[in-house]
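Here are the chains, one letter per residue:
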Amino acid sequence: MKDFNPADKIQDLQYFGEFGGVNPSISDSSTYTFLSAKTMFDTFEGNMEGCYLYSRHSSPSNLYLDQALAAMEGTETANVSASGMGAITPTLLQLCSAGDHIISSRTIYGGTYAFLKNFTPRFGIATTFVDITKLEVVEAAITAKTKVLYCETVSNPLLEVADIAGLAKIAKKHNLKLVVDNTFSPLSVSPAKLGADIVIHSLTKYINGSSDTVGGVTCASKDFINSLKNVNSGASMLLGPTMDSLRSASVMKNLRTLHIRIKQHSHNAHFLADQFEKEGLKTVYPGLKSHPSHELYKTMINPEYGFGGMLTIDVGTLAKANELMELMQAKNLGYLAVSLGFYKTLFSAPGTSTSSEIPMEEQKEMGLTDGLIRFSIGLDNDIQRTYEMMKACMIELGILN
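As recorded by an unreviewed UniProt entry, the protein chain carries the name Aminotransferase class I/II-fold pyridoxal phosphate-dependent enzyme and is attributed to Flavobacterium flavipigmentatum. Recorded under Cofactor (unreviewed entry), the UniProt text for the protein chain is reproduced unchanged: "pyridoxal 5'-phosphate". The UniProt entry for the protein chain carries this comment under Sequence similarities (unreviewed entry): "Belongs to the trans-sulfuration enzymes family."

As structure tokens, this is what we get:
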């Protein structure tokens, strides 16, 4: 990781607009003309570089963002999509066919869990959910039908850390593809440099950063991305989760400030986690020494960007969690809302929101308690002031003395 700085890779990209603009021109077209019929034929056959046939397949604006995100993750190329799930679902369907098997982390985004638990079995694809932090458990779950290991760098919502390098060794040993959702840790962790085959992001979150756009990306080899976009057999091409060119251009502009934002998100979250833990609250944050994977995560991250902007606290009951979130919202400390990466702090009780697709008995088994609050810490300028206001809310509700 010492020789790879993703922010530098983004900065080194330089595009000129059609008329010399400092931002690339937006290709606001659904279809494209050809000067000859043969060129159209060659483009449909995938034999023509630099030509566009239809924006569901590709567009200049999307390719600019593809290149930037591939540079950020250190992969050969990428393919943006209309949502994070629009990246996850075609990727897994491209890798697996009827009769195949996936091993997934048990703590993942609720939508991904629902897709693997409830949807892919319709196509004869089975999934085993495991504690991804235990490499011996992961390896023991592999069968002759296993094709994919799937995890999140930092899991949603329990903030468990996947040993990507260790998982990559297992994947290579058994000829599997390691797919890593890096949504919680852009810039901080570069999974492809640790051995992941495919890296996915929900662009909706930190990368866009303004909670005004839904998007996703799959970063991988040229061969895999070309297979996704193949007009005859590509899951992205045929299922159609295409990102709009205007949205693509918007994400591209916000990507330029990602390194500044991530540093502030991480700084603020680390400060609050330290203070909450000192107050005696059950606090989970990868930057705390009390986190079971703290030492591992230290070896995985680019320290310049810190341990991320996500933390959880447990206030005992769902009723108390809801009271606290409603009060903090009333005090302008943030929003009771799902998602993450916004300039204001967002908080939610994941058991009844972003992880509600996971059955209650399975939530309890994995340690997702009723009183858990997930925080996406914002870009507050004076984080000491924010802490004092949050503490006052907790005192008012009897969470702290």
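Engineer: What am I meant to see in the pattern of salt bridges here?
Structural biologist: Side chains that carry opposite charge are capable of pairing whenever their charged atoms lie near each other. On inspection of all chains with the given rule, the structure shows nine salt bridges. Of the charged contacts in the structure, one is a salt bridge between K173 and E139, with a shortest N-O distance of 2.9 Å. Of the two residues, K173 is situated in helix α7 (residues 164-173) and E139 in helix α6 (residues 135-140); the sequence distance between them amounts to 34 residues. The exposure class assigned to K173 is exposed, which follows from its relative accessible area of 62%. A single salt-bridge network, built from bridges that share partners, covers R106, D131, K134 and E160.

Engineer: Sorry if this is basic, but what is going on with the nonpolar core here?
Structural biologist: For soluble globular proteins, the rule of thumb is that nonpolar side chains tend to be buried together. With 83 residues, the main nonpolar core has L69, L178, L311, I313 and L324 as its most contacted residues. With six residues, the top contributor of residues to this core is helix α11 (residues 258-278). I313 has contacts with F276, L281, K282, T283, L324, G371, L372, I373, F375 and M394, leaving out every residue within four places of it along the chain.

Engineer: Looking at this structure, I do not really get empty space enclosed by the protein. What am I missing?
Structural biologist: Summary: where empty space remains is shown by rolling a probe the size of a single water molecule over the atoms. As enumerated under the stated definition, the model contains three cavities of 30 Å³ or more in all. Here the largest cavity defines a volume of roughly 120 Å³. Residue lining of the largest cavity: 15 residues in total, with R56, H57, N79, V80 and T242 positioned closest to the centre. Listing elements by their share of the lining of the largest cavity, those giving two or more residues are α3 (60-73), β1 (77-81) and α9 (235-239). Looking at the lining of the largest cavity, the element that brings in the most residues is β1, giving three residues. Tallied by class, the residues present in the lining of the largest cavity amount to three nonpolar, nine polar and three charged.

Engineer: Where do I start with helix α5 (residues 110-119) in this structure?
Structural biologist: Structural remark: α-helix, 3.6 residues per turn; residues separated by three or four positions point the same way. Burial of α5 is extensive: seven of the 10 residues sit out of reach of the surface. Along α5, the residues classified as buried are G110, G111, T112, Y113, A114, F115 and L116.

Engineer: Would you take a moment to explain the UniProt feature "modified residue: N6-(pyridoxal phosphate)lysine" (unreviewed entry) in the protein chain for this structure?
Structural biologist: Under the present numbering, the feature "modified residue: N6-(pyridoxal phosphate)lysine" (unreviewed entry) in UniProt falls on K205. Accessibility expressed as a relative area gives 17% for K205, which makes it buried. Those residues in contact with K205 that sit more than four places away from it in its chain are T183, S339, L340 and G341. A polar side-chain atom of K205 sits 2.9 Å from a polar atom in the side chain of S202.

Engineer: Would you mind going over the sheet that holds strand β5 (residues 177-181) with me for this structure?
Structural biologist: Judged by pairing direction, the sheet is mixed, and its seven strands sit side by side in the order β1-β7-β6-β5-β4-β2-β3 without closing on themselves. Both edges of this open sheet fall to β1 and β3 (126-130), since each of them pairs with a single strand only. For this sheet, the mean inter-axis angle between neighbouring strands, taken without regard to orientation, is 20 degrees. Of the pairings in the sheet, the one linking strand β2 (residues 101-105) to strand β4 (residues 146-152) comprises four bridges and is parallel in character. In the strand pairing of β4, I102 is matched with V148.

Engineer: How do you make sense of the pairing of β3 when you look at a structure like this?
Structural biologist: Residues in a regular strand project their side chains so that they alternate between the two faces of the sheet. With five bridges joining them, β2 and β3 adopt parallel strand pairing. Bridging from a neighbouring strand, S104 pairs with F129 of β3. For the crossover that starts at β2, traverses α5 and ends in the parallel β3, the hand is right-handed.

Each value, and the rule that gives it
Residues numbered from 1 in each chain as written. Predicted model: local features only at pLDDT ≥ 70, side-chain atom pairs only at ≥ 80, totals over all residues. Heavy atoms only, no water. UniProt positions renumbered as here; feature names shortened; annotations may be inferred. Salt bridge = Lys/Arg side-chain N within 4 Å of Asp/Glu carboxyl O. Helix = DSSP H or I, 4+ residues; strand = E, 2+ residues; numbered from the N terminus. Buried < 20%, exposed > 50% of the residue type's maximum accessible area, 1.4 Å probe, protein only. Core = buried A, V, L, I, M, F, W, Y, C linked by side-chain atoms within 4.5 Å. Contact = heavy atoms within 4.5 Å. 1 Å grid on protein atoms, 1.4 Å probe; cavity = no way out; pocket = protein on both sides within 12 Å on 5 of 7 lines; lining within 4 Å. Points joined across faces, edges and corners; volume = space filled by probe spheres on them. Nonpolar A, V, L, I, M, F, W, Y, C, P; charged D, E, K, R; others polar. Polar contact = N/O pair within 3.5 Å; in protein donor to acceptor, adjacent residues only side chain to side chain. Pairing = 2+ DSSP bridges. Axes fitted to C-alpha atoms, helices over the stretch in contact; angles between N-to-C directions. Right-handed = clockwise from strand over helix to strand, strands pointing away.

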